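Overview (structure and organization)
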Number of protein chains: 2
Amino acid sequence: MKIAVLGTGFAGRTLAGALSALGHDVVVGTRDPGETLARSAPDAMGTPPFSEWHAANQHIAVETFAEAAAAAELIVNATNGAGALSALSAARSANLSGKVVVDVSNPLDFSQGMPPVLNPVNTDSNAERIQHAFPEARVVKTLNTMNAGLMVDPGRLGGGDHSVFVSGDDAGAKNTVTALLRELGHRDIIDLGDITTARGAEMMLPLWLRLWSALGTADFNFKIVR
Amino acid sequence: MKIAVLGTGFAGRTLAGALSALGHDVVVGTRDPGETLARSAPDAMGTPPFSEWHAANQHIAVETFAEAAAAAELIVNATNGAGALSALSAARSANLSGKVVVDVSNPLDFSQGMPPVLNPVNTDSNAERIQHAFPEARVVKTLNTMNAGLMVDPGRLGGGDHSVFVSGDDAGAKNTVTALLRELGHRDIIDLGDITTARGAEMMLPLWLRLWSALGTADFNFKIVR
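Scope of this entry: the structure provided in the associated data block. Please read all numbers here as calculations on a predicted model, not as lab measurements. Per chain, residue numbering runs from 1 following the sequence as it is written. All chains are assigned letters beginning at A, and all ligands numbers beginning at 1, according to the order in which they are written. Under the rules for a predicted model, residues below a pLDDT of 70 receive no local features and side-chain atom pairs below 80 are neither given nor counted, while totals for whole chains, interfaces and linings still include all residues. Side-chain descriptors were evaluated using all non-hydrogen atoms of the structure, hydrogens and water having been removed beforehand.

Turning our attention to the pattern of salt bridges. Salt bridge, as used here, is a side-chain nitrogen of Lys or Arg placed within 4 Å of a carboxyl oxygen of Asp or Glu. The final tally for this structure, using the stated rule, is 22 salt bridges over all chains. One salt bridge in this structure joins Lys141(B) and Asp103(B), with 2.8 Å as the shortest N-O distance. On the criterion of sequence distance, the pair formed by Lys141(B) in strand β8 (residues 138-142) and Asp103(B) in strand β5 (residues 100-103) is long-range, its members being 38 residues apart. Of the two residues, Lys141(B) and Asp103(B), neither departs from the other in class, the shared state being buried. A salt bridge links Arg199(B) to Glu128(B); the shortest N-O distance between them is 2.8 Å. Taken as a pair, Arg199(B) in helix α10 (residues 198-202) and Glu128(B) in helix α7 (residues 126-133) lie far apart in primary sequence, 71 residues in all. When salt bridges that share partners are traced, they join Asp103(A), Lys141(A) and Glu202(A) into one network. Here a helix means four or more residues in a row that DSSP labels H or I, a strand means two or more in a row labelled E, and each is numbered from the N terminus. When a residue's accessible area, from a 1.4 Å probe over protein chains only, is under 20% of the maximum for its type it is buried; when over 50% it is exposed; and in between it is partly exposed.

All right, on to the relation of the copies chain A and chain B then. Superposition of the copies was done by least squares, using only C-alpha atoms of residues whose pLDDT is at least 70 in both. Mapping chain A onto chain B calls for a screw motion: a turn of 180° about the axis and a shift of 0.0 Å along it, with 0.0 Å RMSD after fitting. The superposition of one copy onto the other is thereby described by a two-fold rotation axis. Among all C-alpha atoms of chain A, that of Lys223(A) lies closest to the rotation axis, at 2.5 Å. In this analysis, two residues are considered to be in contact whenever any of their non-hydrogen atoms come within 4.5 Å of each other. By residue overlap, the copies meet face to face through one surface: 100% of the interface positions of chain A are interface positions in chain B.

Here, any two strands with at least 2 DSSP bridges between them count as paired. Taken together, 8 strands build an open sheet; the order of strands is β3-β2-β1-β4-β5-β8-β9-β10 (chain A) and the sheet is mixed. Looking at strand neighbours, the two that pair on one side only are β3 (61-64) and β10 (188-193) of chain A, the edges of this open sheet. In this sheet, neighbouring strand axes are inclined to one another by 25° on average, regardless of whether the strands run parallel or antiparallel. Fitting a line to C-alpha atoms yields each axis, with helices limited to the stretch in contact; the angle taken between N-to-C directions then spans 0 to 180 degrees. The sheet strands contacting helix α11 (residues 205-215) of chain B are β9 (163-168) and β10 of chain A, and the helix crosses β10(A) at an angle near 100°.

Below is the structure:
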């Protein structure tokens, strides 16, 4: 499948690399490819510059958001949550129309200090805002409840015996995403329902962040025992 | 231990019965014991009238919030979330002072229809509001992330292999509550940190409610796989 991964942070790189390794035709989208590749310092999260990753992954093209989305059948929004609508606007509505848009972002708001709060929250979600802004896109929320390493290699933790959620209005899009999740190794894929159920998935983040502190590791995931 | 369970709904009854069965000296607190015992119809949730439960549990006294709290060493807030501060005010601040107050409530707001939203949320929590209103109480948030049956009998699901969270500012109070959780059969008890971490635990509810619909059962729980 032709896949565009929008976002060059740790989640975007990890997803792009793993989807490419599965045999998909993957490109990475960014606002300004020249600027992204010219950065030579680690980002605010300490992630090494994108150029280092790209040097080891030259088979994955780096394009503008619009170029990447135009050629793709499926688009992954792996930008940071606050920048998602802006990035998808730069990708252009016409390039998203009819396509599966997989939103893995979390709307973390660091403006009030640490830990971040969510914005939007409770009566709205990032996924719903994306679906509302791009009504012709087939938005599916998933994977936002775990770290990027587990997104693409769930088997490395607890034998893969933990859960991932999908939310979306389009059943066919959820089927496509579910198949992709299975390719990545996910076994317990729970369809929460329509896109409004993404509120619940996004609202896991405050607990996730506190567990990260309490457990001293980000390498954990939620399993729904039933 | 002398325990007052405030609230006569399903959670309150279940906790009171189980804690009594463990050998604790349990009383149930309600706003107006005569009125509570006089009800003869199921409540809005379909729970049978309290008098039926009490007829089968006559060893558990029913007292006013204040009477129940005054005699107790540990107080469980099992009222509905929206009524928690009012119930604890009726129990009186002096009767809570220095005592462990276990908050199992969820601040569900049904005023905007179904599913309910949370109020407070994100930058505040029910547990923090209780701690702020009763600064001499030693508030511990726990058990709000599962149904009442699992609160008191975690072993009935998945061999008890799932998680429960505790949040609170007082280490001694969390130790007391952790011991009580172990008595109830909980094995994976995760200390999230101070009382502000209750935001994360309360924000699990939107996902919990959607899982209830998606799975067709409320008999599930979260396990933190790590």
